[in-house]
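Here are the chains, one letter per residue:
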Amino acid sequence: MALIQCKNLTLGYDHKKLIEQLSFSVEQGDYLCIVGENGSGKTTLMKALLGLINPIKGSIIRGDGLKPKEIGYLPQQTIVQKDFPASVKEIVLTGCQGRMGLRPFYSKAEKQLAKDNMEKMDITDLANRCYRDLSGGQQQRVLLARALCATQKVLLLDEPVSGLDPKVTEEMYRLISQLNRRDNITVIMITHDIEAAVKYSSHILHIGDSTFFATNKEYQKTDFYKSFAEEKEGI
């Protein structure tokens, strides 16, 4: 059974439909990039996958015992979030809250998990630093470590490299790819970076006037990608 399966999904707000009759599935270990025009419903779809909103029609089926709270989520950052006055260690630990139930304190295992994920993201030396004093790239590593504390199965990433310089962007893509390939964590990522989507993903979901779901190789045969490639090459 697929890790996540969407069947005939219709999504929107206040009876305004953004996505209609969308069907696709995500298997364990996939790297799915969601691309498309602004306002096409990409973030709305991600909220539905997280269980934050309900579909207007259709269904989202989670396999392998996956629960919404077991999905690691890295949202787009707001100005307020970037200025959050907490330590790196404190923020990473909050990724364990879905595991705590009614307990008021973090367990020894949860503290160790946070430590392990900070090591994985190479931010152990930043543990006691204030989050708002970090660079954009460091902040994203912190939030990725936080998301990893919530999951061993699937990460949902909403424009994780937005506002980062090219070098830091490439480092972030490399980290995400390592998590997917080395740790077998399923990745679902919203991105405007078509070039990176083709470079790293196993599957691509395009949402817009035309909506389709395809493997990476199939996507590169579409007119949409061919137009992008020609524009990139200046043809």
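Now for a look at the structure at hand. For clarity, every value in this text was computed on a predicted model and none was experimentally measured.

For the chain, the count of helices and strands is 10 helices and 9 strands. The C-alpha atoms of the chain give 18 Å as radius of gyration, which agrees with the globular expectation for 235 residues (18 Å, within 12%). Here the C-alpha coordinates of the chain stretch approximately 50 × 40 × 35 Å along the principal axes. The 235 residues of the chain split such that 46% are buried. For the chain, restricting intrachain contacts to residue pairs at least 6 apart in sequence, the fraction spanning at least 24 positions comes to 68%.

What follows covers the packing of helix 6 (residues 136–150) against helix 7 (residues 166–182). At a minimum axis separation of 10 Å, helix 6 and helix 7 run at an interaxial angle of 15°. One way to sum up the angle between helix 6 and helix 7 is to call them roughly parallel. Regarding helix 6 and helix 7, the two cross each other, and that crossing is right-handed. Within the contact between the two elements, helix 6 uses Gly137, Gln140, Arg141, Leu144 and Leu148 and helix 7 uses Val168, Glu171, Met172, Arg174, Leu175, Ile176 and Leu179. Grouping the constituent residues of the contact of helix 6 with helix 7 by class yields 7 nonpolar, 2 polar and 3 charged.

Moving on, we come to the environment of Ile34. Along the chain, Ile34 falls in strand 3 (residues 31–36). When the C-alpha atoms of Ile34 and Asp14 are compared, they prove to be 23 Å apart, with 20 residues separating the residues in sequence. In contact with Ile34, not counting residues within four places along its chain, are Lys42, Leu45, Ile188, Met189, Ile190, Thr191, Leu205 and Ile207.

Turning our attention to the sheet that holds strand 8 (residues 203–207). The 6 strands lie next to each other as 5-6-7-3-8-9, forming an open sheet whose pairing is mixed. A strand with exactly one partner marks an edge of an open sheet, and here the two such strands are strand 5 (71–74) and strand 9 (212–215). Neighbouring strand axes in the sheet, compared pairwise and without regard to direction, differ in orientation by 15° on average. By the bridge criterion, 5 bridges tie strand 6 (residues 154–158) to strand 7 (residues 186–190) in an arrangement that is parallel. Each bridged residue has a counterpart across the sheet, and for Leu155 the counterpart in strand 7 is Val187. In the packing of helix 7 onto the sheet, contacts are made with strand 3, strand 6 and strand 7, and the angle to strand 7 comes to roughly 145°.

Across the sheet, 3 strands lie side by side as 2-1-4; this open sheet has antiparallel pairing. Looking along the sheet, the strands with just one partner apiece sit at the ends: strand 2 (16–26) and strand 4 (57–62). Each neighbouring strand pair of the sheet contributes to a mean axis angle of 25°, computed without reference to strand direction. Judged from the 5 bridges that link them, strand 1 (residues 4–13) and strand 4 form a sheet pairing that is antiparallel.

Turning to the packing of aromatic side chains, a few remarks are in order. Two aromatic rings are characterised by how far apart their centres lie and by the angle between their planes. Under the criterion given, the structure shown has 5 aromatic pairs. Aromatic side chains Tyr219 and Tyr225 sit 5.7 Å apart centroid to centroid with 50° between the ring planes, which places their arrangement in the tilted category. With respect to burial, Tyr219 and Tyr225 carry one shared label: buried. Among the aromatic residues, those joined into a cluster by ring pairs are Phe212, Tyr219, Phe224 and Tyr225.

A separate point is the side chain of His203. Summarising the element assignment, His203 is placed in strand 8. Each residue touching His203, except ones within four places of it in the same chain, is listed here: Asp30, Tyr31, Leu32, Cys33, Phe213, Ala214, Thr215 and Asn216.

Turning next to the pattern of salt bridges. Side chains that carry opposite charge are capable of pairing whenever their charged atoms lie near each other. Under the counting rule described, the total for this entry stands at 6 salt bridges. The shortest N-O distance in the salt bridge between Lys17 and Glu20 comes to 4.0 Å. The exposure class assigned to Glu20 is exposed, which follows from its relative accessible area of 51%. For the salt bridge of Lys199 with Glu170, the shortest nitrogen-to-oxygen distance reads 3.4 Å. Taken as a pair, Lys199 in helix 8 (residues 194–200) and Glu170 in helix 7 lie far apart in primary sequence, 29 residues in all. Of the residues examined, Lys199 reaches a relative accessible area of 53% and is grouped as exposed. Residue Glu170 is classed as partly exposed on the basis of its relative accessible area, which comes to 36%. When salt bridges that share partners are traced, they join Lys120, Arg182 and Asp183 into one network.

About the thresholds
Residues numbered from 1 in each chain as written. Predicted model: local features only at pLDDT ≥ 70, side-chain atom pairs only at ≥ 80, totals over all residues. Heavy atoms only, no water. Helix = DSSP H or I, 4+ residues; strand = E, 2+ residues; numbered from the N terminus. Rg over C-alpha atoms; globule rule 2.2 N^0.38 Å. Buried < 20%, exposed > 50% of the residue type's maximum accessible area, 1.4 Å probe, protein only. Contact = heavy atoms within 4.5 Å. Axes fitted to C-alpha atoms, helices over the stretch in contact; angles between N-to-C directions. Parallel < 35°, antiparallel > 145°, perpendicular 65-115°, else oblique. Left-handed = near helix turned anticlockwise from the far one by under 90°. Nonpolar A, V, L, I, M, F, W, Y, C, P; charged D, E, K, R; others polar. Pairing = 2+ DSSP bridges. Phe/Tyr/Trp six-rings, centres within 6.5 Å; stacked < 30°, edge-to-face > 60°. Salt bridge = Lys/Arg side-chain N within 4 Å of Asp/Glu carboxyl O.

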